[in-house]
Amino acid sequence: YRFYASNAVGDCWASTTAIFSPAPLSVSGLKLWLDAADPSTIIATTDVGYVEAWLDKSGNTNNFTQTNAGKKPRTEAQTLNGLNMLKFDGGDVLAGLPVWRGGDNNYSLFAVWSTTKTNSPQYVFSQSKFPVANGTRGSLILSSSGKYGFAGYNNDASSIAPYLVNEAHLTAMAVDNYAETNITIYDSGSVYKGKTSVPGSLNVGTNACQVGADGSGAVNLKGGIAEIVVFDRVLSGDERNRVGYYL
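What you are looking at is a predicted structure, and each value in this text was computed from that prediction instead of being measured.

Peer 1: Summarise the pairing of strand 11 (residues 122-128); cite the residues concerned and give the values.
Peer 2: With seven of its seven residues buried, strand 11 lies for the most part within the structure. As paired strands, strand 11 and strand 12 (residues 137-142) are joined by six bridges and run antiparallel to one another. Within strand 12, the position partnered with Y123 by the bridge is I141. In the sheet, strand 11 pairs with strand 18 (residues 208-211) via four bridges, with the strands oriented antiparallel. From the neighbouring strand, Q127 faces strand 18, where its bridge partner is C209.

Peer 1: So, the nonpolar core: which residues are in play, and what are the values?
Peer 2: Residues W54, F125, V211 and I228 are the most contacted members of the largest nonpolar core, which totals 38 residues. Ranked by residues supplied to this core, first place goes to strand 10 (residues 106-115) with four residues. Not counting residues within four places of it along the chain, the set of residues in contact with V211 comprises L34, W54, F64, F88, V93, L94, V124, F125 and I225. Counting nine residues, the second largest nonpolar core, distinct from the first, contains V27, L30, W33 and F231.

Peer 1: Any chance you could break down the packing of aromatic side chains for me, citing the residues and the numbers?
Peer 2: Counted by the stated rule, this structure contains eight aromatic pairs. Ring geometry for F110 versus F231: centroids 6.0 Å apart, planes at 75°, classification edge-to-face. Of the two residues, F110 sits in strand 10 while F231 sits in strand 19 (residues 222-231), which places them 121 residues apart along the sequence. Across the pair, F231 and F110 agree in class, each one buried. Between the aromatic rings of W113 and Y163, the centroid separation amounts to 6.1 Å while the plane-to-plane angle is 65°, which identifies the pairing as edge-to-face. Linking W113 in strand 10 with Y163 in the loop between strand 14 (157-162) and strand 15 (169-176), this pair joins segments that are 50 residues apart in sequence. Exposure class is identical for W113 and Y163. Each is buried. The rings of F64, W100, Y107 and F125 are connected pair by pair, giving a single aromatic cluster. Sitting above the plane of the W33 ring, K57 keeps its charged end 4.3 Å from the centroid. Stacked on the ring of Y50, the Lys or Arg R74 has its end atom at 5.3 Å from the ring centre.

Peer 1: I'd love a proper account of the pattern of salt bridges, names of residues and values included.
Peer 2: Opposite charge on two side chains allows them to pair when their charged atoms are near. Inspection of the entire model under this criterion finds seven salt bridges. Measuring nitrogen to oxygen at the nearest pair gives 3.0 Å for the salt bridge that ties D35 to K57. With D35 in strand 3 (residues 30-35) and K57 in the loop between strand 5 (51-54) and strand 6 (64-65), this pair connects stretches of sequence that are 22 residues apart. Note on D35: relative accessible area 7%, which makes it buried. When the shortest N-O distance is used, the salt bridge between D38 and K57 registers 3.2 Å. You can see D38 sitting in the loop between strand 3 and strand 4 (42-44) and its partner K57 sitting in the loop between strand 5 and strand 6, a full 19 residues away along the chain. Judged by its relative accessible area of 22%, K57 falls in the partly exposed class. Here the salt bridges do not stand alone but share partners, grouping D35, D38 and K57 into one network.

Calculation rules
- Residues numbered from 1 in each chain as written.
- Predicted model: local features only at pLDDT ≥ 70, side-chain atom pairs only at ≥ 80, totals over all residues.
- Heavy atoms only, no water.
- Buried < 20%, exposed > 50% of the residue type's maximum accessible area, 1.4 Å probe, protein only.
- Helix = DSSP H or I, 4+ residues; strand = E, 2+ residues; numbered from the N terminus.
- Pairing = 2+ DSSP bridges.
- Core = buried A, V, L, I, M, F, W, Y, C linked by side-chain atoms within 4.5 Å.
- Contact = heavy atoms within 4.5 Å.
- Phe/Tyr/Trp six-rings, centres within 6.5 Å; stacked < 30°, edge-to-face > 60°.
- Lys NZ or Arg CZ within 6 Å of the ring centre and 35° of its normal.
- Salt bridge = Lys/Arg side-chain N within 4 Å of Asp/Glu carboxyl O.

Structure follows, in structure tokens:
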């Protein structure tokens, strides 16, 4: 685009052209960007809006799909601030290729989500070895205690930040394996820190990657997801704010 200025002196266009790059694309290490507000990234049945594919905007073609009619989330059935979310009914899940490398233990996950229940565990996003082994899961989990956090499979910090039914959250989660408090969650201007049960031993697997469920596809979200953004490193404060403000 080019800037245009108009005042009492006259009108003029800038002499150079600038290219706008959305904040997630301007930060290095981007592995996945799912955006429900962008209709060009959602492939759904036209009659009832059941989602067959959610296409990745990161440039890495990490698309998430579902062929089972009974497990497809719906589009255009839930909104947040007037923008589309995908609605997961407690049995839905989208599956894709792993976004983190095997053994990664430092990464960042952003998610815009809400839930309609608190009485059982739910997963917003998960990557893991399957069958799962200790420390090989990297997940954003909602616990049944009314708090949410990180699930690493028998190496968890799953009750860090509070959540309420039907309350929208913009979550930024940083996983820093060797830090004293190795899980940090940024939510609504607050910072919550936690420590997994065995710090320093996270080692994400690459057999299963799911949106709206755990690696088995059996522990599911009942609620909505508007965006998922994943990086393969811990972002700086400035980078995290740039992505968060954009979302």
